[in-house]
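The chain contents come next:
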Amino acid sequence: MYNDFKSLGLSKWLVEALHSMKITQPTIVQKACIPEILKGCDCIGGAKTGSGKTIAFAAPMLSNWSADPSGMFGVVLTPTRELAMQIAEQFTALGSIMNIKVALVVGGDDIVKQALELQRRPHFIIATPGRLAHHIMHSGEDTIGGLRRVKYLVLDEADILLTNTFGKDLATCLSVLPPKEKRQNLLFTATITDQVKALKEAPRVEGKPPVFSFQVEDLDCLAIPKALKTEYLLVPEHVKEAYLYQILSSEEYNDKTVIVFVNRTVSAEILRRTLRLLDVRVTSLHSQLPQKERTNSLQRFRANAARILIATDVASRGLDIPAVQLVLNYDIPANPDTYIHRVGRTARAGRSGESLSFVSPKDVSRIKAIESRINKKMDEFTKVGDTAVIRKALTKVTVAKRESLMAMDKEGFGEKRKQQRNKGGIKRANKALETKNK
Amino acid sequence: MHDSDNDSRDFSSDEEENILFPDKRAVRNDVFSGKLEEHTDDQHTDDEQSDGDEDEEKTYGIYNDPTERGIEIEDVHPNASNNESSENQEGKSISDEAELERRKQEKLKSIKKFKAAKKLKHKTGVIYLSKIPPYMKPAKLRQILSRFGEVDRLFLKREDDQTYKQRVKGGGNKKTMFKEGWAEYIRKKDAKLCAITLNGNIIGGKKGNFYHDDIMNVKYLSGFKWADLTEQIAKENDIRQSKLQLEISQANKLNAEFIRNVEKSKMIKNIKLKRNVDTDEDVRRSFKQRRITSTRTAAPDSQKQEPSKQLDSVIYNLF
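Chain B has the name Pre-rRNA-processing protein ESF2 in an unreviewed UniProt entry, where Eremothecium cymbalariae is given as its organism. As recorded by UniProt, the Sequence similarities (unreviewed entry) comment attached to chain B reads in full: "Belongs to the ESF2/ABP1 family." In UniProt, chain B has this text filed under Subcellular location (unreviewed entry): "Nucleus, Nucleolus".

Named according to an unreviewed UniProt entry, chain A is RNA helicase originating from Eremothecium cymbalariae. You can read under Catalytic activity (unreviewed entry) in the UniProt record for chain A the words "ATP + H2O = ADP + phosphate + H(+)". The record in UniProt for chain A states the following under Subcellular location (unreviewed entry): "Nucleus".

J.: Account for the overall build of chain A, naming residues and giving values.
T.: Looking only at helices and strands, chain A features 17 helices and 14 strands. In terms of overall dimensions, chain A has a C-alpha envelope of 70 × 65 × 40 Å along the principal axes. Burial statistics for chain A: of 438 residues in total, 57% are counted as buried. Within chain A, contacts between residues at least 6 apart in sequence are counted, and of these 76% link residues at least 24 apart. Element-wise, carbon and sulfur atoms account for 51% of the exposed surface of chain A, whose accessible area totals about 18900 Å². Distance between charge centroids for chain A: 3 Å, based on 66 positive and 47 negative side chains.

J.: Tell me what's going on with the packing of helix H9 (residues 164-176) of chain A against helix H11 (residues 309-318) of chain B, and back it up with residues and numbers.
T.: Think of two packed helices as two axes; the pair is described by the angle between the axes and how far apart they sit. It is the contact of H9(A) with H11(B), at a shortest axis distance of 8 Å, that shows an interaxial angle of 45°. Here H9(A) lies oblique to H11(B), going by the angle between them. Taken as a pair, H9(A) and H11(B) cross one another with a handedness that is left-handed. Of H11(B), the residues touching H9(A) (which contributes Asn164(A), Gly167(A), Lys168(A), Leu170(A), Ala171(A) and Leu174(A)) are Gln310(B), Leu311(B), Val314(B), Asn317(B) and Leu318(B).

J.: Break down the pattern of salt bridges for me, with residues and values.
T.: All names here are of chain A. Inspection of the entire model under this criterion finds 29 salt bridges over all chains. The closest approach of N and O atoms between Glu157 and Arg317, which form a salt bridge, is 2.8 Å. Here Glu157 is found in the loop between strand S5 (152-155) and helix H8 (158-161), whereas its partner Arg317 is found in the loop between strand S11 (308-311) and strand S12 (326-329), with 160 residues between them in sequence. As far as the burial class goes, Glu157 and Arg317 line up, both buried.

J.: Help me get a handle on the UniProt feature "short sequence motif: Q motif" (unreviewed entry) in chain A, residues and values and all.
T.: Within this numbering scheme, the UniProt entry marks residues 3-31 of chain A as carrying the feature "short sequence motif: Q motif" (unreviewed entry). Here residues 3-31 of chain A is 45% helix and 0% strand, with 8 Å between the C-alpha atoms at its ends.

J.: Describe in detail the sheet that holds strand S2 (residues 74-77) of chain A, supporting the description with residues and values.
T.: All names here are of chain A. The parallel open sheet is built from 7 strands, whose spatial order is S3-S4-S2-S5-S6-S1-S7. Where the open sheet ends on each side, the last strands, each with one partner, are strand S3 (102-105) and strand S7 (212-214). Sheet twist, expressed as the mean angle between neighbouring strand axes with direction ignored, is 10°. Two elements, S3 and strand S4 (residues 124-127), share 4 bridges in a ladder whose sense is parallel. Of the residues in S4, the one forming a bridge with Val105 is Ala127.

J.: Break down the interface of chain A and chain B for me, citing the residues and quoting the values.
T.: Every contact between the two is made by 57 residues of chain A and, on the other side, 39 residues of chain B. Buried surface at the junction of chain A and chain B, both sides included, amounts to about 4500 Å², of which 62% is carbon and sulfur. Of the charged contacts in the structure, one is a salt bridge between Glu247(B) and Arg402(A), with a shortest N-O distance of 3.9 Å. Listed by contribution, the elements that provide at least two residues to the side of chain A that touches chain B are strand S1 (43-46), S5, H9, strand S6 (184-189), helix H10 (194-200), helix H14 (336-343), helix H15 (364-374) and helix H16 (386-411) of chain A. Of all the elements, H16(A) adds the most residues to the side of chain A that touches chain B, at 12 residues. Here the residues of the side of chain A that touches chain B sort into 24 nonpolar, 14 polar and 19 charged.

J.: Before we move on, could you go through the domain arrangement of chain A and cite the residues and values that matter?
T.: Interface extent is often summarised as the accessible area lost during association of the parts. Residue and element names in this part refer to chain A. Taken domain by domain, chain A holds domain 1 (6-219) and domain 2 (228-417). Placing the centre of domain 1 and that of domain 2 at their C-alpha centroids yields a distance of 31 Å. Each partner contributes to the interface: domain 1 provides 15 residues, whereas domain 2 provides 18 residues. Summing both partners gives a buried area of about 1400 Å² for domain 1 against domain 2, and 48% of it is carried by carbon and sulfur. Where domain 1 meets domain 2, there are 3 salt bridges. Here Asp159 ties to Arg317 by a salt bridge, and the two come within 3.0 Å at their closest N and O atoms.

J.: I'd like to hear about the nonpolar core, residue by residue, with values.
T.: Considering soluble globular proteins, one finds that nonpolar side chains tend to be buried as a cluster. Residues and elements named next belong to chain A. With 43 residues, the main nonpolar core has Phe57, Met61, Leu62, Phe91 and Leu186 as its most contacted residues. Among the secondary structure elements, those contributing two or more residues to this core are helix H1 (12-20), helix H2 (28-39), helix H3 (53-67), helix H4 (81-95), S4, S5, S6 and S7. The dominant element in this core, judged by the number of residues it contributes, is H3, at 8 residues. Here Leu186 is in contact with Ile37, Cys41, Cys43, Phe57, Met61, Tyr152, Leu153, Val154 and Leu155, once residues within four sequence places are set aside.

J.: Summarise the domain arrangement of chain B; cite the residues concerned and give the values.
T.: Once the domains are mapped, chain B shows domain 1 (122-222) and domain 2 (225-261). Taking only C-alpha atoms into account, the centre of domain 1 of chain B sits 37 Å from that of domain 2 of chain B.

J.: I'd like a rundown of helix H10 (residues 226-275) of chain B, residues and numbers included.
T.: Taking 1.5 Å per residue, 50 residues should reach 74 Å; H10(B) reaches 74 Å between its end C-alpha atoms and fits that length. Maximal helix bending in H10(B) amounts to about 35°, located at Gln232(B).

J.: For helix H11 (residues 240-249) of chain A, give the residues involved together with the corresponding values.
T.: H11(A) sits mainly inside the fold: 9 of its 10 residues count as buried. Among the residues of H11(A), those classed as buried are Lys240(A), Glu241(A), Ala242(A), Tyr243(A), Leu244(A), Tyr245(A), Gln246(A), Ile247(A) and Leu248(A).

Analysis parameters
- Residues numbered from 1 in each chain as written.
- Chains lettered and ligands numbered in written order.
- Predicted model: local features only at pLDDT ≥ 70, side-chain atom pairs only at ≥ 80, totals over all residues.
- Heavy atoms only, no water.
- UniProt positions renumbered as here; feature names shortened; annotations may be inferred.
- Helix = DSSP H or I, 4+ residues; strand = E, 2+ residues; numbered from the N terminus.
- Buried < 20%, exposed > 50% of the residue type's maximum accessible area, 1.4 Å probe, protein only.
- Contact = heavy atoms within 4.5 Å.
- Areas by Shrake-Rupley, 256 points an atom, 1.4 Å probe, with all protein chains shown as cover.
- Lys, Arg positive; Asp, Glu negative; His and termini not counted.
- Charge placed at Lys NZ, Arg CZ, Asp CG, Glu CD.
- Axes fitted to C-alpha atoms, helices over the stretch in contact; angles between N-to-C directions.
- Parallel < 35°, antiparallel > 145°, perpendicular 65-115°, else oblique.
- Left-handed = near helix turned anticlockwise from the far one by under 90°.
- Salt bridge = Lys/Arg side-chain N within 4 Å of Asp/Glu carboxyl O.
- Pairing = 2+ DSSP bridges.
- Buried area = accessible area lost by both parts, 1.4 Å probe.
- Nonpolar A, V, L, I, M, F, W, Y, C, P; charged D, E, K, R; others polar.
- Domains from an automatic or database assignment.
- Core = buried A, V, L, I, M, F, W, Y, C linked by side-chain atoms within 4.5 Å.
- Expected span 1.5 Å × (residues − 1).
- Bend = angle between axes of the 7 residues up to and from the residue.

Have a look at this one:
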């Protein structure tokens, strides 16, 4: 029906900007969503990973904005800081011809600087819910006043934003935005949760066009890209590191770009140190790093200065790193959808990719759940054998792991978080006491 | 050169964190204050002498790297380098490199011994500086302290990174500032002299000097040795090392078990192949499986988490 962006109804300058970024062919989501959003419908977009959701909401918003470039035009909320940065980059790149002002409001950055930036009335705000809520609670009217006139609200990765983790902060953010009738709401997700479904079936406000939902029903069957190879390897829990090292240094993989996903920040740190001791070019991304290091290590990985990224699930969603060839699930996630997001970091936009999962005795049922979710049986991984691991890696890795554990113990990894958690506990206890006294 | 070598060590951050001295000093004071402090350095009791020996040993235990020690010693004592040169001449005739290496080691050892012997002749004394004049570097401080006698080790504690950053951010000086420090005199006498003379007085010297008017605060730490400063760190390091060894040996046991199992499984596989049995055996052992969670609509309810009320209000406000 539509074969280029122009016929979708976007402004001329935007089509040119997209062309200069070598984006000429709209993807299926974009074809479906852009005209509807331009019409002014609320939209729920479901699409699998790596299918171009960002452009699907960025393009129509920018197109409408260029007709009337006013301050605080749209707010985009995302679950992770890195994703927010990536989206902000794309907005800036697309809108640079029109002198767009984009504010990035994420945690781990200077609060005062952000407040000043907000006072300058940027056109678009890309934010994580926690930090935006903090600004709303603690800043004056001149900082957040602009939010009351916002025309668009986008929830990217809506399935995770609409969980208890973000519920409180989201409520705060919504409290200053204009009422739901006066803004356009766009939701994008790769999973349909109860909450998203409830939104779809919510009664319509009068005088507003009906919600446009794309692929919401049949989303479940198309989970992972076709060009993705899925494999598994049965490994006992305590020799996982040795297998990881052997695979990463095997001939097949010793020059490939790899993301290794783990479930915990501690294991990410252990792995990073262990592999570093064994002279592997490795970097890590998890929530216990300072934000500066998080950004740095992602940048290093993008620039190929580090071949391997050890990450927790902060990196599992949305991050677009084209060169990733292998996604290695060192731990198996509890939620099968997390698996889909993780392996979605490779095989993006029609490229091929591989994924490998380490299955320990306790993870069998999780793997079965994943297999039934993606409608595909995984194959056994045979490129690295037990003998090779025993001969070349086992002893070396064991020593390195213990050493890194010691070093972490010495440096007190995780102490800060523990302290903060304790502080939170004390605060909560105090609150409970106060309410009791009243 | 002497100074610069020492500087590199003075900055070392290892010693920075857990410097310990208060309790130890208190105890020692109780024990010795009555009798021993009145003795002059030349009239040691046997008791104190043996105590001193222990201290020296500890000190060397901490400096595991003989070369680091060696360099310093060479600079401090010209006698030592004389020794060396005579040995060097012999060394030239021997072409074998291994031999040379061995000789080098021996040389280092002898220097170490010499140094130890020299130190043993005197009792060392440690002073504490509660404030270091702003931006004064260890080299300069060493020069000032050396007026009173030979200074062996000097350690200055750097200010926190946080305060440094704040100072620089506020347009302050970018030089490093030191907060407090310890210095070890080879002779106790010198340390005491230094404390008496310098404490509460300006540094002095030429009138125009940058540090001319800075008042020093020096305390002689009686009954206190340099080893007391580093003792805790050394102890912790030892514990960590032994723990590491223990853990590695435990892990190796696990590894051996794993290797045995791999071999066993290979054997079983081969037997099966020979007998042409390819049915899987019934389950021998079952593991407790980890929990599965999901937020998908299609997933069974048992895997889902209860949504909070707040979330409902968010959803109501959204569309």
